[in-house]
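# Examining the three-dimensional arrangement
Each chain is listed here by its residues.
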Amino acid sequence: MAIKYSRQREAIWEYLKDRKDHPTADDIYIAVRKDFPNISLGTVYRNIMLMKNMGRIRTVDVGDGIIHFDPNTSEHDHFICSQCGKVVDIDAADIEEVKKLAAHNFPGRIDGYSAFFYGLCEDCLKKKQQ
Ligand code: ZN
Ligand code: MN
């Protein structure tokens, strides 16, 4: 099935492409509705899942029951603030090294991995220290 060009999907991409804050479908819906007042949450959701299936974006499931979307499809880890729920990129981990460590005593083949770090984000930490 050929995927038709969609202005709505392009608007979703324009909103998502440079974001680092891992918005939810609701966040995307609220933003895209400014340009497409008649768009429904269902249409937004269908388009983002299509973009995910196309490999243009990835989802981040942080276990809060809400799917977050990430335009950065390269392997990277995430930090979740226990206070405000913010999802932040962690770029420091040497993913190849982590995979090697995990593979050391594992008889199968490891193709990828994902990890979550928890704690207080910069903003929440500052608030606590005030
Ligand atoms: Zn926070
Ligand atoms: Mn990310």
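Please read these numbers as outputs of a predicted model, since none were measured by experiment. (Residues numbered from 1 in each chain as written. Chains lettered and ligands numbered in written order. Predicted model: local features only at pLDDT ≥ 70, side-chain atom pairs only at ≥ 80, totals over all residues. Heavy atoms only, no water.)

## Some thoughts on the coordination of the zinc ion (ligand 1)
Note on metal geometry: ideal angles are 109.5 degrees for four donors arranged tetrahedrally and 90 or 180 degrees for six donors arranged octahedrally. Put simply, the rule is: A donor here means an N, O or S atom no more than 2.8 Å from the metal, or no more than 3.2 Å when the metal is Na, K or Ca. Since water is not included, a site may seem to lack partners. Irregular is the default label, applied whenever a site is not tetrahedral (four donors, all angles between 85 and 135 degrees) and neither square planar nor octahedral (four or six donors, opposite donors over 155 degrees apart, all other angles between 65 and 115). To qualify as a helix, a DSSP run of H or I must reach at least 4 residues; to qualify as a strand, a run of E must reach at least 2; elements of each kind are numbered from the N terminus. A 1.4 Å probe rolled over the protein chains alone gives each residue an accessible area, and that area as a share of the maximum for its type sets the label: buried under 20%, exposed over 50%, partly exposed in between.
Around the zinc ion (ligand 1), the protein contributes the donor atoms Cys 81 (SG), Cys 84 (SG), Cys 121 (SG) and Cys 124 (SG), at 2.2 to 2.3 Å from the metal centre. Given four donor atoms and angles of 106 to 115° at the metal, the environment of the zinc ion (ligand 1) is assigned as tetrahedral. All donors to the zinc ion (ligand 1) come from one chain, and their sequence spacing reads C-x2-C-x36-C-x2-C. Of the two residues, Cys 81 is situated in strand S3 (residues 77-81) and Cys 121 in the loop between strand S5 (116-119) and helix H5 (122-129); the sequence distance between them amounts to 40 residues. In terms of burial, Cys 81 and Cys 121 fall into one category: buried.

## Focus on the nonpolar core
To keep things clear, this is the line we draw: To qualify as a nonpolar core, a set must consist of buried Ala, Val, Leu, Ile, Met, Phe, Trp, Tyr and Cys residues joined through side-chain atoms within 4.5 Å. The criterion used for residue contact is that any of the two residues' heavy atoms lie within 4.5 Å.
Residues Ile 12, Leu 16, Ile 28 and Ile 48 are the most contacted members of the largest nonpolar core, which totals 17 residues. Sorting the residues of this core by element identifies helix H1 (7-16), helix H2 (25-32) and helix H3 (41-53) as the ones contributing at least two each. With sequence-adjacent residues up to four places away left out, Ile 28 is seen in contact with Ile 12, Tyr 15, Leu 16, Pro 23, Val 44, Ile 48 and Phe 69.

## Considering the confidence of the model for the chain
Where we set the bar: Confidence scores per residue from the predictor, reported as pLDDT, run from 0 to 100.
Model confidence for the chain is summarised by a mean pLDDT of 89, while 95% of its residues fall at 70 or above. The spread of mean pLDDT over the elements of the chain runs between helix H4 (residues 95-103), the lowest at 82, and H2, the highest at 96.

## Thoughts on the domain arrangement of the chain
As a reminder of what qualifies: Here the bounds of each domain stem from an automatic or database domain assignment. The term buried area denotes the loss of accessible surface (1.4 Å probe radius) that occurs when two parts are joined, taken as the sum for both partners. Here, a salt bridge means any Lys or Arg side-chain nitrogen found within 4 Å of an Asp or Glu carboxyl oxygen.
Each domain of the chain was delimited in the assignment, giving domain 1 (7-70) and domain 2 (77-129). Taking only C-alpha atoms into account, the centre of domain 1 sits 23 Å from that of domain 2. When residues of domain 1 are sorted by the area they lose upon contact with domain 2, His 22, Val 60 and Val 62 head the list and together hold 57% of the total. Taken together, domain 1 and domain 2 are joined by zero salt bridges. For the side of domain 1 that touches domain 2, the elements supplying multiple residues, two or more each, are strand S1 (58-61) and strand S2 (67-70). Here the element with the most residues in the side of domain 1 that touches domain 2 is S1; it accounts for three residues.

## Notes on the sheet that holds S3
Stated precisely, the cut-off is as follows: For two strands to be treated as a pair, DSSP must find no fewer than two bridges joining them. Where helices are involved, their axes are fitted lines through C-alpha atoms of the stretch in contact, as for all axes, and angles between N-to-C directions lie from 0 to 180°.
With respect to topology, three strands assemble into an open sheet ordered S4-S3-S5, the strand pairing being mixed. Two strands close off the open sheet at either side, each with one partner strand: strand S4 (87-90) and S5. Taken over all neighbouring pairs, the strand axes of this sheet differ in orientation by 30° on average, direction set aside. Sheet analysis places S3 next to S4, joined by four bridges and oriented antiparallel. Paired with Ile 80 across the bridge in S4 is Val 87.

## A look at the packing of aromatic side chains
Basically, it comes down to this: The criterion for an aromatic pair is that two Phe, Tyr or Trp rings (for Trp, the six-membered ring) have centres within 6.5 Å, with stacked assigned to planes under 30 degrees apart, edge-to-face to planes over 60 apart and tilted to the rest. Only when the NZ atom of a Lys or the CZ atom of an Arg is both within 6 Å of the ring centre and within 35 degrees of the ring normal do we say a charge sits over the ring.
As enumerated under the stated definition, the model contains zero aromatic pairs in all. The ring of Tyr 29 is capped by Arg 33, whose NZ or CZ atom sits 4.8 Å from the centre of that ring. One cation-aromatic arrangement involves Arg 56 over Trp 13; the distance from NZ or CZ to the ring centre is 4.7 Å.

## Looking at the coordination of the manganese ion (ligand 2)
Within the protein, the atoms that donate to the manganese ion (ligand 2) are His 22 (NE2), Asp 70 (OD), His 76 (NE2), His 78 (NE2) and Asp 89 (OD), at distances of 2.0 to 2.2 Å. For the manganese ion (ligand 2), the single-chain donor residues occur in sequence as H-x47-D-x5-H-x1-H-x10-D. We note that Asp 70, like His 76, is buried.

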